[in-house]
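Chain residues, written in single-letter form:
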Amino acid sequence: MNNRPTGRSTGRTGPGRARLALALAALLGGGALTALPAQAAPAAADGLSVQYRTSAGGATADQTEPWLKVRNTGSSPVQLSQVKVRYYFKADSPSESYRFACSWAVRGCSVVTGTFGTLSNPTATADRYLEIGFTQAAGTLAPGADTGDLQLRFHRVNWQTLRQSDDYSFDGARTSYADWDKVTAQLAGATVWGAAPEGNDPTDPTDPTDPTDPPGGGQALFDDFDYSAHTDPAISAHGWNVRANSGGPGVPGATWDPSKVTFVSSGGNSVMNLETSTAGTGASTTHTEVLTRATKFKNGTYAARVKFSDAPKSGPDGDHLVQTFFTINDLKAPMADDYAEYDFEYLPNGGWGEPANILYTTSWETYNPEPWQAVNQHSEQRRSYAGWHDLVVTIDNSAITYYVDGQHFGTHDAQYLPERPMSINFNQWLIDLNGQTSTTPRAYDQQVDYVLHVKDQVLTPAQVAAKVAGYRDAGTGFVDEVPAS
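The notes below deal with the structure included here. Predicted model, so just to flag it, every value in this text is computed and none were measured.

Points about the nonpolar core
1) Next: Membership of the largest hydrophobic core comes to 40 residues, with the highest contact counts inside it found for F225, W240, M272, Y302, F325, I400 and F426.
2) Next: V50, Y98, A105 and F134 belong to the second-largest nonpolar core, a separate cluster that totals 34 residues.

Following this line, the structure appears as structure tokens:
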């Protein structure tokens, strides 16, 4: 593999850090069989009711905010994964696309899913619906109990003002919860609450799927990182490379040590551990990196659960450490316009001119290594991110959008969209040895629980969580359906 420098600017151009990343080749060989999530048996229950209120009651708004509670009105427990609730609305234009988000939920937004669909029989007040579902992790709903608040919202992809006064399920006067039969609820596929717009029974098998999903796509890469060691032959068979070659990024003279990539148990899951260490010299510094051999990933959704560390596991603190999850392809020439890179980079002790911890997300158009020139857009938060975090970046034909722990972190412009496929990478390395000048040995850990890519489909963080839970419920530790580019 070849190496190249990149950098961080504080705007679109400017001086920054030297960072050597990777020119990647070698396509993943062979296909993998997909294990489908197990289907739970339908729950026995007599019925459901749905209560509704809104916190955005105007005729127009930046986003629609249907807040819901689902109550078990029957005599038997209900498996929430068998429940679907539909909120019906009129699209602002025939070609409009929407994004769903969960602001807060008593049971946790990670167990709530939201997808959009079109009605087979449009009416004056509805041609779309938002369907709310639950993952297996949502558990059961006892007789007489309700889910508590589901504080939900959706908006136009371009964030233009939407009109909700003509939406079938909307009522701006409802500012406190009450039963609302203009949303429907299904239990195990049967409608048990509410009335859909005329001619649109939600059990109709001809209902189309989410219109915001582009044609085709949907093939996924998922890895739970359940391996025995860096020498486990399954790592290579699954398309990963544990880096051993020399070069940047980071401290000159440092090595990339495959043996420092290990697999440990955390929270009942196997996780990948990347260790970086130093004794204050280039020769004593070891970095770690794991990346896909294939450069076949482009538009769609990328997600990983990553544990960042603010302090070393041993030795003195203070090094200018970088902990990452990113996608990248190779720079074919200085300022080449078909280069692409999309980064999550956490600096627990600062660096690149920052005095303390900071998390960057950066979308790259191109760069020139010498003299340094960069064209990128970034978002950042200056605070500690120690601990586990769910990182999601989505790429469609209009923007790159980053999320951390289900919350929007930044959206970057269309000029930074990728022209060529990329690899998926995790690495941990030291920018320099200026943050801590001691020669006492120290070591830092970064951990990765899973990685997911879904080709050509934009998923919400809640949908990512549901997809990961589905794989795990089915006992699927690895799948790769993404075709070679």
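Here the narrative resumes.
Observations concerning unusual backbone geometry
1) Next: Put simply, G248 and P249 share a cis peptide bond, and its omega is 5 degrees.
2) Next: As for its placement among the helices and strands, P249 is situated in the loop between β18 (240-242) and β19 (255-256).
3) Next: One non-glycine residue with positive phi stands out, namely F225, at about 55 degrees.
4) Next: With a phi close to 65 degrees, D456 is a non-glycine residue in the positive phi region.
5) Next: Following the sequence through the fold, D456 ends up in the loop between β32 (442-455) and α2 (461-473).

Things to note about the pattern of salt bridges
When their charged atoms lie close together, side chains carrying opposite charge are able to pair.
1) Next: For the structure shown, the criterion picks out 20 salt bridges.
2) Next: Put simply, E131 and R86 hold a salt bridge, and the shortest N to O gap is 2.7 Å. One end of the pair, E131, is in strand β10 (residues 128-134); the other, R86, is in strand β7 (residues 83-89), with 45 residues separating them in the sequence. For the pair E131 and R86, one class covers both residues: buried.
3) Next: A salt bridge links D390 to R305; its shortest N-O distance comes to 3.1 Å. Here D390, found in strand β28 (residues 387-395), pairs with R305, found in strand β23 (residues 300-308); they are 85 residues apart in sequence, far enough to count as distant.
4) Next: Of the residues examined, R305 reaches a relative accessible area of 25% and is grouped as partly exposed.
5) Next: Through salt bridges that share partners, K260, E275, K313 and D445 make up one connected network.

Here's the deal with the state of the cysteines
1) Next: Applying the stated criterion across every chain yields a total of one disulfide.
2) Next: Each disulfide pairs two cysteine sulfurs, and for C102 the partner residue is C109, the sulfurs being separated by 2.1 Å. Measuring handedness by torsion sign, the sulfur bridge of C102 and C109 sits at about -70 degrees and is left-handed.
3) Next: With a relative accessible area of 8%, C102 lands in the buried category.

As for the side chain of R243
1) Next: Mapped onto the secondary structure, R243 falls in the loop between β18 and β19.
2) Next: Since its relative accessible area comes to 1%, R243 is described here as buried.
3) Next: A distance of 2.9 Å separates a polar atom in the side chain of R243 from the backbone oxygen of G248.

Details of the sheet that holds strand β5 (residues 66-72)
Strand pairing within a sheet occurs via backbone hydrogen bonds; the two strands may be parallel or antiparallel.
1) Next: Strand order in this open sheet of five strands is β8-β12-β5-β3-β14, and the pairing throughout is antiparallel. Since the sheet does not close on itself, it has two edges, and those belong to β8 (98-105) and β14 (178-179), each with one partner.
2) Next: Here β8 pairs with strand β12 (residues 150-156) via seven bridges, running antiparallel. In the strand pairing of β12, A101 is matched with R153.

Section: the packing of aromatic side chains
1) Next: For the structure on display, the rule yields 26 aromatic pairs.
2) Next: Measuring from centroid to centroid gives 4.7 Å for F222 and Y471, while their planes differ by 15 degrees, and the two rings are stacked. With F222 in strand β17 (residues 220-223) and Y471 in helix α2, the pair connects residues that are 249 residues apart, well separated along the chain. Y471 shares its class with F222; the two are buried.
3) Next: Clustering of aromatic rings is evident, with ring pairs tying together Y52, Y87, F89, Y98, F116, F154 and W180.
4) Next: Geometry around Y129 places R86 over its ring, the cationic atom sitting 3.9 Å from the centre.
5) Next: The side chain of R243 reaches across the aromatic face of W256, ending 4.1 Å from its centre.

So, the pairing of β10
1) Next: Burial runs high along β10: seven of the seven residues are buried.
2) Next: Pairing between β7 and β10: five bridges, direction antiparallel. The residue of β10 that forms the bridge with F89 is R128.
3) Next: In this sheet, β10 lies alongside strand β9 (residues 112-118) in antiparallel orientation, the contact comprising seven bridges. Bridge assignment links T118 to a residue of β10, and that residue is R128.

A few points about the pairing of strand β24 (residues 321-328)
1) Next: With eight of its eight residues buried, β24 lies for the most part within the structure.
2) Next: A two-sided burial pattern is seen for β24, the buried positions comprising L321, Q323, F325 and T327 on one face and V322, T324, F326 and I328 on the other.
3) Next: Bridging between β24 and strand β25 (residues 341-347) involves six bridges; their strand directions are antiparallel. Along β25, the bridge assignment pairs T327 with Y342.

Some words on the layout of surface pockets
1) Next: There is about 760 Å³ of room inside the second largest pocket.
2) Next: Around the second largest pocket, the lining comprises 34 residues; the ones closest to its centre are G406, T460, P461, A462 and A465.
3) Next: Listing elements by their share of the lining of the second largest pocket, those giving two or more residues are β8, β12, β28, β29 (400-404), β30 (407-412) and α2.
4) Next: When residues of the lining of the second largest pocket are assigned to their parent elements, the largest contribution, eight residues, is made by α2.
5) Next: The residue inventory of the lining of the second largest pocket, partitioned by class, reads 18 nonpolar, 10 polar and six charged.

What counts as what
- Residues numbered from 1 in each chain as written.
- Predicted model: local features only at pLDDT ≥ 70, side-chain atom pairs only at ≥ 80, totals over all residues.
- Heavy atoms only, no water.
- Core = buried A, V, L, I, M, F, W, Y, C linked by side-chain atoms within 4.5 Å.
- Buried < 20%, exposed > 50% of the residue type's maximum accessible area, 1.4 Å probe, protein only.
- Helix = DSSP H or I, 4+ residues; strand = E, 2+ residues; numbered from the N terminus.
- Salt bridge = Lys/Arg side-chain N within 4 Å of Asp/Glu carboxyl O.
- Disulfide = S-S within 2.5 Å.
- Polar contact = N/O pair within 3.5 Å; in protein donor to acceptor, adjacent residues only side chain to side chain.
- Pairing = 2+ DSSP bridges.
- Phe/Tyr/Trp six-rings, centres within 6.5 Å; stacked < 30°, edge-to-face > 60°.
- Lys NZ or Arg CZ within 6 Å of the ring centre and 35° of its normal.
- 1 Å grid on protein atoms, 1.4 Å probe; cavity = no way out; pocket = protein on both sides within 12 Å on 5 of 7 lines; lining within 4 Å.
- Points joined across faces, edges and corners; volume = space filled by probe spheres on them.
- Nonpolar A, V, L, I, M, F, W, Y, C, P; charged D, E, K, R; others polar.

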